[in-house]
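Structure at a glance
Here is how the chains run, residue by residue.
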Amino acid sequence: MAETRERAAADGGRTRLVKGPGMLLVWLYGVMSVGAVSRSVYQVSTEFDRAPLAYALSAVAAVVYVFITYTLVRGGEAARRAALVCCAAELAGVLIVGTWTLVEPSAFPDATVWSDFGYGYVFIPVLLPLTGIWWLRRSRAATA
Amino acid sequence: MLDALTVAVSVAALALAAWCGFAAYRDQPTKDWHFIGMAVVTFLVLAQLIVGIVQLARGEQAEEGTVIFVSYLLGALCAVPIAGFMSLAERSRWGSATVAAGAVVLAVLEVRLFDIWTVG
């Protein structure tokens, strides 16, 4: 973390996104990244044939979480925009996959991270992008 | 033994979450006492990791498989220390909130660990 701060300071104008509530946000995204990555690596490597669609969607979710975590830590205007787009994509993903699992459960023999709007993860998957979008928009307001 | 430790870690983690959550509510950063609390919780998780590995070495089986069991034990060990270091970088109420969130994550991992270990 100290290293990140020094690098951000060296870059001068680069907006730090990991400060205040951003620290909590980056922690939650980090947890979701580790959770989703380890889950999908395990499932894809051991039992992919059982529920290919569900496990592929979990892997996509994992990539999105890792990318958002990285952009938050990196900071700066371009990263902020990229994170904003990804948060929107994440929210869309949660809503689409969540609805899909409810409408057509037979397509999903096993759960994904985003099944039932993230029910299995205390609805964090649906709350996190909303909080993320709020924080990223506020960060721009603070620097503008 | 393992189940008793799982319960102990869960209770300690929830207590830590409440304590750090209270600090965040009062607009305070984490202090020395909080770090002692984190150390106690981490020590309990370390004991759990060692007991878990010893039980596996004795030939006992985790219900959902050894790989998942050990991964969760390692994840549980990392949760609170990482949140603690992040609270050192963020000396405000949000650092305390991060540790509280880390302790909640640990409690959730403990519930999963219980399921993973127990035949049922």
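None of the values given here were measured: they were computed from a predicted structure.

Looking at the overall build of chain B
Counting its secondary structure elements, chain B contains four helices and zero strands. Secondary structure elements of chain B occur, N-terminal to C-terminal, as α-α-α-α. For chain B, whose C-alpha radius of gyration is 15 Å, the value lies close to the compact-globule estimate of 14 Å for 120 residues. When the backbone C-alpha atoms are referred to their principal axes, chain B occupies close to 50 × 20 × 20 Å. Within chain B, buried positions represent 42% of all 120 residues. Taking all contacts inside chain B whose residues are at least 6 apart in sequence as the whole, residues at least 24 apart take part in 77%.

Here we look at the interface of chain A and chain B
With 14 residues of chain A in contact, the opposing surface of chain B contributes 17 residues. Among the elements of the structure, helix H1 (2-10) and helix H2 (21-47) of chain A are those that each provide at least two residues to the side of chain A that touches chain B. It is H2 of chain A that contributes the most residues to the side of chain A that touches chain B, nine residues altogether. Its residues assigned to classes, the side of chain A that touches chain B shows ten nonpolar, two polar and two charged.

A look at unusual backbone geometry
Phi is positive for Asp116 of chain A, close to 50°, though the residue is something other than glycine. With respect to the helices and strands, the residue Asp116 of chain A is situated in the loop between helix H4 (77-103) and helix H5 (124-143). The class of Asp116 of chain A is buried, set by 20 C-beta atoms lying within 10 Å. Even without glycine at this site, Asp27 of chain B takes up a positive phi of about 65°. Looking at where Asp27 of chain B falls in the secondary structure, it is placed in the loop between helix H1 (2-25) and helix H2 (32-57).

Structural notes on the environment of Val97 of chain A
All names here are of chain A. The residue Val97 is located in helix H4 in this model. A tally of 25 C-beta atoms within 10 Å means that Val97 is categorised as buried. Along the backbone, Val97 and Arg50 are 47 residues apart, and their C-alpha atoms lie at a distance of 18 Å.

Quick word on the packing of H2 of chain A against helix H3 (residues 52-74) of chain A
Residue and element names in this part refer to chain A. Relative to each other, H2 and H3 sit at 150°, their axes nearing to 8 Å. Taken together, the axis directions place H2 and H3 in an arrangement best described as roughly antiparallel. Along this stretch, H2 crosses H3, giving a crossing that reads as left-handed. Residues that form the contact of H2 with H3 fall into these classes: 16 nonpolar, seven polar and one charged.

A look at the confidence of the model for chain B
Predicted confidence across chain B gives a mean pLDDT of 94, with 98% of residues reaching 70 or more. Our summary of model confidence lists the complex with pTM equal to 0.88 and ipTM equal to 0.91.

Description of the UniProt feature "transmembrane region" (unreviewed entry) in chain A
Residues and elements named next belong to chain A. According to UniProt, the positions carrying the feature "transmembrane region" (unreviewed entry) are residues 24-42, 54-73, 82-103 and 118-136. End C-alpha atoms of residues 24-42 are separated by 27 Å, and the span's content is 100% helix alongside 0% strand. With 68% helix and 0% strand, residues 118-136 has its two end C-alpha atoms placed 22 Å apart.

Describing the packing of H2 of chain A against helix H4 (residues 93-117) of chain B
Between H2 of chain A and H4 of chain B, whose axes approach to 8 Å, the crossing angle comes to 20°. Taken together, H2 of chain A and H4 of chain B sit at an angle that is classed as roughly parallel. Regarding H2 of chain A and H4 of chain B, the two cross each other, and that crossing is right-handed. Here H2 of chain A contributes Pro21, Met23, Leu24, Trp27, Leu28 and Val31 of chain A to the contact with H4 of chain B, which in turn contributes Trp94, Gly95, Ala97, Thr98, Ala101, Gly102 and Val105 of chain B. Its residues assigned to classes, the contact of H2 of chain A with H4 of chain B comprises ten nonpolar, three polar and no charged.

Some remarks on the confidence of the model for chain A
Put simply, chain A has an average pLDDT of 85, and 88% of its residues get 70 or more. In the model, residues 5-12 of chain A has pLDDT below 50 throughout and makes four contacts with residues more than four positions away in sequence or in other chains.

Scoring rules and cut-offs
Residues numbered from 1 in each chain as written. Chains lettered and ligands numbered in written order. Predicted model: local features only at pLDDT ≥ 70, side-chain atom pairs only at ≥ 80, totals over all residues. Helix = DSSP H or I, 4+ residues; strand = E, 2+ residues; numbered from the N terminus. Rg over C-alpha atoms; globule rule 2.2 N^0.38 Å. Buried ≥ 20, exposed ≤ 12 C-beta atoms within 10 Å, placed from the backbone. Contact = placed C-beta atoms within 7 Å. Nonpolar A, V, L, I, M, F, W, Y, C, P; charged D, E, K, R; others polar. Axes fitted to C-alpha atoms, helices over the stretch in contact; angles between N-to-C directions. Parallel < 35°, antiparallel > 145°, perpendicular 65-115°, else oblique. Left-handed = near helix turned anticlockwise from the far one by under 90°. pLDDT = per-residue confidence, 0-100. UniProt positions renumbered as here; feature names shortened; annotations may be inferred.

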